[in-house]
Amino acid sequence: MSEVLHVRGRVLVGPDDVRDELWVIGGRISYDRPTGVRDVHTVQGWALPGLVDAHCHVGLDQHGAVPQDVAEKQALTDRDAGTLLIRDAGSPSDTRWIDDREDLPKIIRAGRHIARTRRYIRDYAHEIEPEDLVAYVAQEARRGDGWVKLVGDWIDRDLGDLSACWPRDATEAAIAEAHRLGARVTAHCFAEDSLRDLVEAGIDCIEHATGLTDDLIPLFAERGVAIVPTLVNIATFPTLADAGDSRFPVWAAHMRRLHERRYDTVRNAYDAGIPVYVGTDAGGSLAHGLAAAEVEELVTAGIPPLQALSATTWSARRWLGRPGLDEGAPADLVVYGTDPRADVRALAAPRRVVLDGRIVG
């Protein structure tokens, strides 16, 4: 038998399921002590399922698609920080080659962003008009891994402020088509005015959700629409507002208001029962490897530490349909020197990173 990994200490299988040890045999998790073992490597500490970044862009920077070697560095940065499962929320890059690498995080792709013409960051998205939305959603549903990403709102330069990108009938038809093809749909949304139509049209998730107001929260809760707040990205809003103040003062003021109420928005959503998950928006202008910082931000917003931890581990993996520290599951786990339940800042300092049963960090 090849080398077996033995993890001892506190194995955090779930919020209420804590065990003393696990074994990794042939790259998979077992809670039964193996027999006939010659080589055992023991790691001690607090073990968690590999962290989830549910809004990340491997293969993308502020200018668009990046070369493969840059994408590799991005993925390695996430991995070394403990992020072993990524929902890539839109990218023009083909990163399927990562699936053949046992040393890189697993990626669930949402295809390429779908935006209105001249209403998003240049070279990021398919830029189309509403009459083509269904066809492009179908295309990206087939290209992705069960998700499609829309740009729900962006600055309208003629209006000088954020505004919704799609008419209601177009989103209804597009989301219905994605669901018919077995894909879920998410949307980038900063502002308020696109949210009701998207949720009533059947959307599954909203990214950022800074425009979520008290009158919309019950609708989100009733429909079970998740949010991925990306608070580490929302922290950049004041800088963006300062840069655009002279040309778009109404937009700049709006961005500052959204930033000022960001913690209240997230806490009110959580209190109402809206599912909240960790995402960083890494890969545009933001660095990779920030999942631990996003968990801290959720705690600052008022989410209890254990639930903020779950938003990047147990509940996040369940939401994305991927296993955690289950019997027979691929051994994707992170070991820490201190208990992350007691202080989520422990996530910033992984002791060991294990991917498909191999110690990679």
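Definitions and cut-offs
- Residues numbered from 1 in each chain as written.
- Predicted model: local features only at pLDDT ≥ 70, side-chain atom pairs only at ≥ 80, totals over all residues.
- Heavy atoms only, no water.
- Helix = DSSP H or I, 4+ residues; strand = E, 2+ residues; numbered from the N terminus.
- Rg over C-alpha atoms; globule rule 2.2 N^0.38 Å.
- Contact = heavy atoms within 4.5 Å.
- Areas by Shrake-Rupley, 256 points an atom, 1.4 Å probe, with all protein chains shown as cover.
- Lys, Arg positive; Asp, Glu negative; His and termini not counted.
- Charge placed at Lys NZ, Arg CZ, Asp CG, Glu CD.
- 1 Å grid on protein atoms, 1.4 Å probe; cavity = no way out; pocket = protein on both sides within 12 Å on 5 of 7 lines; lining within 4 Å.
- Points joined across faces, edges and corners; volume = space filled by probe spheres on them.
- Nonpolar A, V, L, I, M, F, W, Y, C, P; charged D, E, K, R; others polar.
- Axes fitted to C-alpha atoms, helices over the stretch in contact; angles between N-to-C directions.
- Parallel < 35°, antiparallel > 145°, perpendicular 65-115°, else oblique.
- Pairing = 2+ DSSP bridges.
- Core = buried A, V, L, I, M, F, W, Y, C linked by side-chain atoms within 4.5 Å.
- Buried < 20%, exposed > 50% of the residue type's maximum accessible area, 1.4 Å probe, protein only.
- Salt bridge = Lys/Arg side-chain N within 4 Å of Asp/Glu carboxyl O.

(A) Representation of the overall build of the protein chain within the structure. For the protein chain, the count of helices and strands is twelve helices and 20 strands. At 21 Å, the protein chain has a C-alpha radius of gyration in line with the 21 Å of a compact globule built from 361 residues. Summarising its shape, the C-alpha atoms of the protein chain cover approximately 70 × 40 × 35 Å along the three principal directions. Once local pairs closer than 6 in sequence are excluded, the contacts in the protein chain between residues at least 24 apart make up 65%. For the protein chain, the accessible area works out to roughly 14,600 Å², and carbon and sulfur atoms hold 46% of it. Distance between charge centroids for the protein chain: 3 Å, based on 41 positive and 57 negative side chains.

(B) Structural context of the layout of surface pockets. Taken as a whole, the largest pocket holds about 960 Å³ of empty space. Along the wall of the largest pocket there are 33 residues; nearest its centre are Tyr120, Ile121, Trp154, Leu240 and Trp251. Counting residues per element, the lining of the largest pocket draws most heavily on helix α7 (residues 237-244), which supplies three residues. Residues belonging to the lining of the largest pocket are distributed by class as follows: 15 nonpolar, ten polar and eight charged. The computed volume of the second largest pocket comes to approximately 170 Å³. In terms of lining, the second largest pocket is formed by Tyr270, Gly273, Ile274, Pro275, Val276, Tyr277, Ile303, Gln307, Ser310, Ala311, Ser315 and Arg318.

(C) A look at the packing of helix α9 (residues 262-271) against helix α10 (residues 291-301). Following both chains from N to C, one finds α9 and α10 inclined at 80°, their axes separated by 8 Å at the closest point. Regarding the angle of α9 to α10, the classification is roughly perpendicular. Of the residues in α10, those touching α9 at Tyr263, Val266 and Arg267 are Glu297, Leu298, Thr300 and Ala301. The class makeup of the residues in the contact of α9 with α10 is four nonpolar, one polar and two charged.

(D) Broad picture of the sheet that holds strand β20 (residues 358-359). Strands sit in the order β3-β2-β1-β4-β18-β19-β20 across an open sheet of seven strands; the sheet is mixed. In this open sheet, the two strands that pair with only one neighbour each are β3 (28-30) and β20. Note: strand β2 (residues 17-25) against β3, three bridges, orientation antiparallel. Residue pairing for β3: Trp23 is matched across the bridge by Ser30.

(E) The nonpolar core, seen in detail. Core analysis: the largest hydrophobic core is formed by 78 residues, its most contacted members being Leu133, Leu150, Ile203, Ile206, Phe220 and Leu298. Here Leu150 is in contact with Ile114, Leu133, Val137, Trp166, Val185, Thr186, Ala187 and His188, once residues within four sequence places are set aside. In this structure, Val11, Ile29, Val43 and Ala331 belong to the second largest nonpolar core, which totals 15 residues.

(F) Seen up close, the pattern of salt bridges. Inspection of every chain in the model, using the stated rule, returns 26 salt bridges. Here Asp215 and Arg196 are joined by a salt bridge, their closest N and O atoms 4.0 Å apart. One end of the pair, Asp215, is in the loop between β16 (205-208) and α5 (217-223); the other, Arg196, is in helix α4 (residues 195-200), with 19 residues separating them in the sequence. Residue classification places Asp215 among the exposed residues on the basis of a relative accessible area of 53%. Here Arg196 falls in the partly exposed class, since its relative accessible area comes to 35%. A salt bridge links Asp343 to Arg345, with the nearest nitrogen and oxygen atoms 2.8 Å apart.

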